[in-house]
Amino acid sequence: PTPPPQAASKPMGKIEEVKVDPHAIVVSRVGYMTAASASVYGVGFMSPDPASHAMFTTFSLACLAGYYTVWGVVPALHSPLMSVTNAISGMTAAGGMLIMGGGLLPTTTGQALGSAAVAMSTINIVGGFIITQRMLDMFKRKDDPPEYSHYYAIPMATLAGGYFLTTKGMGIDTMGLTYVASGVLCIGGIACMSDMQTSRMGNPVAIMGVSSGLAATLGAISQSPEVYAQIAGCMIAGGGVGFYMANGLAPTQLPETVALFHSLVGAAAVTTSIGSYMMEPHHAVTAFIGTAIGAITVTGSLVAYAKLAEKMSSSPLALPGKDMINLGMLAANIGCFGYMISDPLNLAVGVPALVGTTVITGALGYHITASIGGADMPVCITVLNSYSGWALCAEGFMLNNSLLTTVGSLIGASGAILSYIMCVAMNRSLTNVLFGGYGSTAPKGEKMKIEGTATTTDVETVGDQLLNAKSVIIVPGYGVAVAKAQYDIAEMVTALKERGVLVRFGIHPVAGRMPGQLNVLLAEAGVPYDIVMEMDEINDDFAEADVALCIGANDTINSAAIDDPNSVIAGMPVLHVWEAKQVVVMKRSLAAGYADVDNPVFFNENTNMLLGDAKKSCEALKTKIKAAAA
């Protein structure tokens, strides 16, 4: 076989000098700082109660902790990160416990709503932590040392037992201190996701945080034995469901189930908010906020799950006048709020308003998420993750509970930062993703014309190119997940490595349908995580690669993002596969990707297109390479 051809040289584009105006930068910063400074006193004006000021302090510090914690998480662990934060957000169980009552069964509607919140939250806690552990186990290598995770039960028992000993046995109120410890442990569990080595600690540390927080809440409510039995029954039932769901999933179903569990947090926030208002109507505003955020989280998460699980078309819903529909539902929601605060202490007014906003914001969540295309799901999922945190935070303000405020702010801020990271990876704004879409902004001029003819190839030729290469970079896209081709790819990689070929993977931050999805799929198939590189780590190495094998990737390898300033994806960071000596693109057809932009890489002289089903093509490549290695 002939050696791979050299990549055709491309003329350097004209570099435009961008002038920086220091004065404008400082004025912008000062404007933001002035607005932030004024907002501090705005909070005091709206809520003059000193207790709310202390809660706002907790809220602010927890947001900062979430901000700095998530920035340190490696992209490969974004899926486990979202799973563990989702499990932590099951702390909504504490809010439900605070409004439970009656006896072995609840006796009022508000108490029944609290019981429902505890059961749903426990599904989320147990299922979420099991899914997180299963994801992390996929990244475990054969030569990794044993973990001895069961030893973490000792500090967990010490923390919970110490609380009951000091509070119940010695009469010392240590609930606040236990809440602080719980919040710190939850932050620590997320911070452990900063790299592969410490990620193994993340789950047990977060479990300690949630367990101690719930234990402190149980000790604080001072209920009758019958109500404690009711709480235990709800938690056992919910935990059993979560255990069954999380252990009954195929590995490829784990990421999408995280989205499903988001809906449980939202539902728990809705039931707790309405139930708490029915029992104590003085917190009407925060009850309304918690209900609205929770309802939009429920329906949005269910739609996201349906799209990820392919139970619903991933194509965006495009109703005529969709923006006006959203604005209309927003106006109706504001109307419900106005009706509620017209007589906030009157349950005959407040409860219908809360039910109304549940229906309206639920419909809004459905419509917004259904109108988002499948390729934008990574951002959508992170936004919903953030919503679940803000719903929990609203519960904290409503119940004057510092633990819920701390954990909710932490998750809300971390989800928001993760959304920002995803948007930067697509060079788009959050509003464009949620309410626009690719191409919603008109290009500045005529798009670059693509010249040339695509060259097709076959499995035999590609197999020979891989066998004779010294360095291969594989770029997987969502097509790998759809075709479930990761197992054949893993076997192919093992055979190539045995022949002395340097094989690595290049992953785009928004490849797949949720953050870190492809990292999890490859890890589950047995691909070592240390050869799976992020875009920024691998881009400079394409020029030295003999073959760049792109499987099911399109927009993330589109050179128009760099070469065509009038392209709708102009400025989007992409993988520079075209710099490799030989590029092989495996796709069903030459059709454009989600962004509906033709890809000039397909027509380059050093690109060959291997068209057809990715699963069959990967199976055939694996067979040829393994036969040659035998």
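What counts, and where the lines are drawn
- The numbers attached to residues start from 1 for each chain and follow its sequence in the written order.
- Only residues with pLDDT of 70 or above have their local features reported here, since the model is predicted, and side-chain atom pairs are shown and tallied only from 80 upward, although totals for entire chains, interfaces and linings are computed over all residues.
- As a rule here, side-chain values cover all heavy atoms of the structure and leave hydrogens and water aside.
- Counting from the N terminus, the helices are DSSP H or I runs at least four residues long and the strands are E runs at least two residues long.
- Our radius of gyration looks at C-alpha atoms and nothing else; its globule reference is 2.2 Å times the residue count to the power 0.38.
- Contacts between residues were defined by any pair of non-hydrogen atoms, one from each residue, lying within 4.5 Å.
- Areas reported as accessible are Shrake-Rupley estimates using a 1.4 Å probe. Residue values count occlusion only from the protein chains shown.
- Per-residue accessibility, obtained with a 1.4 Å probe over protein chains only, is compared with the maximum for each type, and a residue is labelled buried under 20%, exposed over 50%, and partly exposed between these values.
- The nonpolar core is taken to be a set of buried Ala, Val, Leu, Ile, Met, Phe, Trp, Tyr and Cys residues, with the residues joined through side-chain atoms within 4.5 Å.
- Here an angle of 0 to 180 degrees is reported between the N-to-C directions of two axes, which are lines fitted to C-alpha atoms, with helices fitted over the stretch in contact.
- Working rule for angles: under 35 degrees goes down as roughly parallel, over 145 as roughly antiparallel, 65 to 115 as roughly perpendicular, anything else as oblique.
- Two helices crossing with the near one rotated counterclockwise from the far one by less than a right angle form a left-handed crossing, whereas a clockwise rotation gives a right-handed crossing.
- As a working rule, the residues Ala, Val, Leu, Ile, Met, Phe, Trp, Tyr, Cys and Pro are called nonpolar, Asp, Glu, Lys and Arg charged, and the rest polar, with Gly in that last group.
- By definition, pLDDT measures how confident the predictor is in each residue, and it falls between 0 and 100.
- In this analysis, rings of Phe, Tyr and Trp, with Trp reduced to its six-membered ring, are considered paired at centre separations within 6.5 Å, and the interplanar angle assigns stacked below 30 degrees, edge-to-face beyond 60, and tilted for intermediate values.
- Two strands are said to pair when DSSP picks up at least two bridges between them.
- Throughout this description, the term salt bridge denotes a Lys or Arg side-chain nitrogen within 4 Å of a carboxyl oxygen of Asp or Glu.
- In this description, a disulfide is simply a cysteine sulfur pair whose atoms lie within 2.5 Å.

*Asks:* Any chance you could break down the overall build of the protein chain for me, citing the residues and the numbers?
*Replies:* Counting secondary structure elements, the protein chain contains 23 helices and six strands. Its C-alpha atoms give the protein chain a radius of gyration of 26 Å, within 12% of the compact-globule value 25 Å for 630 residues. Summarising its shape, the C-alpha atoms of the protein chain cover approximately 80 × 55 × 45 Å along the three principal directions. If you take every contact in the protein chain between residues at least 6 apart in sequence, the share linking residues at least 24 apart comes to 82%. Surface exposure of the protein chain reaches about 26,700 Å², of which carbon and sulfur atoms provide 64%.

*Asks:* Any chance you could break down the side chain of T272 for me, citing the residues and the numbers?
*Replies:* With respect to the secondary-structure elements, T272 resides in helix α10 (residues 254-279). You can call T272 buried: its relative accessible area is 0%. With near-sequence residues (within four places) excluded, T272 lies in contact with T92, G95, G96, I99, A117, E395, M398 and L399.

*Asks:* Break down helix α20 (residues 517-524) for me, citing the residues and quoting the values.
*Replies:* Residues spaced three or four apart along an α-helix face the same direction, because each turn holds 3.6 residues. Burial of α20 is extensive: seven of the eight residues sit out of reach of the surface. Backbone geometry just after α20 places G526 at a positive phi near 100°.

*Asks:* Explain the nonpolar core to me, and be specific about the residues and the numbers.
*Replies:* Within the largest apolar cluster, 99 residues are counted, with the highest numbers of intra-cluster contacts made by I88, M91, F129, I131, V210, L214 and V407. For this core, the element with the highest residue contribution is helix α15 (residues 402-426), accounting for twelve residues. Excluding its chain neighbours within four sequence positions, the residues that come into contact with V407 are I88, M91, C186 and L392.

*Asks:* Account for the packing of helix α3 (residues 78-88) against helix α5 (residues 109-138), with residues named and values stated.
*Replies:* Working note: a packed helix pair is described by the angle between its axes plus the distance between those axes. Remark: α3 packs on α5, axes separated minimally by 8 Å, with the N-to-C direction vectors making an angle of 160°. One element, α3, and the other, α5, form an angle in the roughly antiparallel class. In this structure, α3 crosses over α5, and the sense of that crossing is left-handed. Residues S79, P80, S83, V84, N86, A87 and I88 of α3 lie in contact with α5, whose contacting residues are N124, I125, G128, F129, I131, T132, M135 and L136. Each residue belonging to the contact of α3 with α5 can be placed in one class, and the counts come to nine nonpolar, six polar and no charged.

*Asks:* Residue-level account of the confidence of the model for the protein chain, with values.
*Replies:* Detailed conclusions should not be drawn from predicted coordinates in areas where pLDDT is low. The share of residues in the protein chain with pLDDT of 70 or more is 91%, and the mean pLDDT across the chain is 85. Segment residues 1-15: pLDDT under 50, and 17 contacts once partners within four positions in sequence are set aside and those in other chains are kept. Low confidence marks residues 438-443, where pLDDT is under 50. Its contacts with residues over four positions away, or in another chain, come to twelve contacts.

*Asks:* Account for the packing of aromatic side chains, with residues named and values stated.
*Replies:* The description of an aromatic ring pair rests on the distance of the ring centres and on the angle between the ring planes. Going through the model one piece at a time under the given rule, you end up with eight aromatic pairs. Summarising the aromatic geometry, the rings of F59 and W390 are spaced 6.1 Å apart at their centres and angled 50° between planes, so their arrangement reads as tilted. Residue F59 is found in helix α2 (residues 50-71), and its partner W390 is found in helix α14 (residues 377-399); the two are separated by 331 residues along the sequence. Overall, the relative accessible area of 25% leaves W390 in the partly exposed class. Ring centres of Y67 and Y68 lie 4.9 Å apart, and the angle between their planes is 85°; on these two criteria the pair is classed as edge-to-face.

*Asks:* Tell me about the pairing of strand β1 (residues 471-476), residues and numbers included.
*Replies:* Taking burial as the measure, the six residues of β1 include six buried ones, the bulk of the element. Covered by surrounding structure in β1 are S471, I473 and V475 together with V472, I474 and P476, the residues of both alternating faces. Alignment of β1 against strand β2 (residues 502-507), held across four bridges, turns out to be parallel. Pairing of V472 across the sheet is with V503, part of β2. Looking at chain direction, β1 and strand β4 (residues 547-551) are connected through five bridges and run parallel. Bridging across to β4, I473 finds its partner in A548.

*Asks:* Describe the pattern of salt bridges, listing the residues and the values that go with them.
*Replies:* This model, assessed by the stated rule, comprises eleven salt bridges. Between R200 and E147 there is a salt bridge, with the nearest N and O atoms lying 2.3 Å from each other. Here R200 is found in helix α8 (residues 196-221), whereas its partner E147 is found in the loop between α5 and α6 (153-169), with 53 residues between them in sequence. Connected through shared salt-bridge partners, D137, K140, E147 and R200 make up one network.

*Asks:* I'd like to hear about the state of the cysteines, residue by residue, with values.
*Replies:* Joining two cysteines, a disulfide is a covalent bond between their sulfur atoms. Under the defined criterion, the tally for this structure stands at zero disulfides. Between C186, a free cysteine, and C192, which holds the nearest cysteine sulfur, the sulfur-to-sulfur gap is 12 Å. Take C393: it sits in no disulfide, and the sulfur closest to it among the cysteines is that of C63, at 6.5 Å. Judged by relative accessible area, C393 falls into the buried class, the value being 4%.

*Asks:* Can you tell me about unusual backbone geometry, naming the residues and giving the values?
*Replies:* Even without being a glycine, S222 presents a positive backbone phi close to 50°. The exposure class of S222 is exposed, given its relative accessible area of 55%. Its identity is not glycine, yet K484 carries a phi of approximately 55°, on the positive side. As for its placement among the helices and strands, K484 is situated in the loop between α18 (478-483) and α19 (486-498).

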